[in-house]
Amino acid sequence: ENLLVWLKAEVDGQPVSENLVALVVPKRLRLAEPQLAVAVKTAGTGFKVTLAAQRPALWAWLDHEAVDASYSDNFVHLQPGVPVTITVRPARPISASAFKKGLRARSLFDLCQKS
């Protein structure tokens, strides 16, 4: 009930596809608190947000409580020690401090805690 298989296909040493296989439906996984860490860097008119986890973080995503934005990726699977960087482009200008203040990173673990 707790086996995760991380898959990656490469062509000429470059990843072309990645996926995760769980051998049970997600609600049956015994997930531990992933201890998400978030680092934010300004990148032009947007931000580069790096997510890392100490334990698997499945379907991890970013959102902001006050800003509409587009994300280069969202709902990612984080392996322990393998950070993922997502580019966030707010629909309107926002300071780095205001962006960091309202930014939230969550995962399936957070949803399971509410049920």
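Before reading on, note that the structure itself is shown above.
These lines cover the structure that appears in this document, whether it is placed above or below. Given the structure is predicted, the values throughout are model-derived calculations rather than measurements.

1. Brief notes about the packing of aromatic side chains
Under the counting rule described, the total for this entry stands at two aromatic pairs. Between Phe47 and Phe99 the ring centres are 4.1 Å apart and the planes differ by 5°, which places this aromatic pair in the stacked class. Here Phe99 lies in helix H1 (residues 96-102) and Phe47 lies in strand S4 (residues 46-52), a separation of 52 residues in the sequence. A ring pair is formed by Trp61 and Phe75, whose centres lie 5.5 Å apart and whose planes are at 25°; its orientation type is stacked. Here Phe75 lies in the loop between strand S6 (69-71) and strand S7 (76-78) and Trp61 lies in strand S5 (residues 57-64), a separation of 14 residues in the sequence.

2. Remarks on the pattern of salt bridges
Per the stated rule, a full pass over the model turns up two salt bridges. Between Asp63 and Arg104 there is a salt bridge whose closest N-O contact spans 3.0 Å. On the criterion of sequence distance, the pair formed by Asp63 in strand S5 and Arg104 in strand S9 (residues 103-106) is long-range, its members being 41 residues apart. Given the relative accessible area of 16%, Asp63 is considered buried. For Arg104, a relative accessible area of 37% puts it in the partly exposed group. In this structure, Arg106 engages Asp63 in a salt bridge whose closest nitrogen and oxygen atoms are separated by 2.5 Å.

3. Re the sheet that holds strand S8 (residues 84-90)
Strand order in the open sheet made by the four strands is S3-S4-S8-S6, with antiparallel pairing throughout. Strand pairing shows two members of the sheet lacking a second neighbour, strand S3 (37-43) and S6, which therefore form its edges. If you compare each strand with its neighbour and ignore which way they point, the axes differ by 25° on average. Of the strand pairs in this sheet, S3 and S4 are connected by seven bridges, and their pairing is antiparallel. Paired with Lys41 across the two strands is Lys48, which belongs to S4.

The rules behind these values
- Residues numbered from 1 in each chain as written.
- Predicted model: local features only at pLDDT ≥ 70, side-chain atom pairs only at ≥ 80, totals over all residues.
- Heavy atoms only, no water.
- Phe/Tyr/Trp six-rings, centres within 6.5 Å; stacked < 30°, edge-to-face > 60°.
- Helix = DSSP H or I, 4+ residues; strand = E, 2+ residues; numbered from the N terminus.
- Salt bridge = Lys/Arg side-chain N within 4 Å of Asp/Glu carboxyl O.
- Buried < 20%, exposed > 50% of the residue type's maximum accessible area, 1.4 Å probe, protein only.
- Pairing = 2+ DSSP bridges.
- Axes fitted to C-alpha atoms, helices over the stretch in contact; angles between N-to-C directions.

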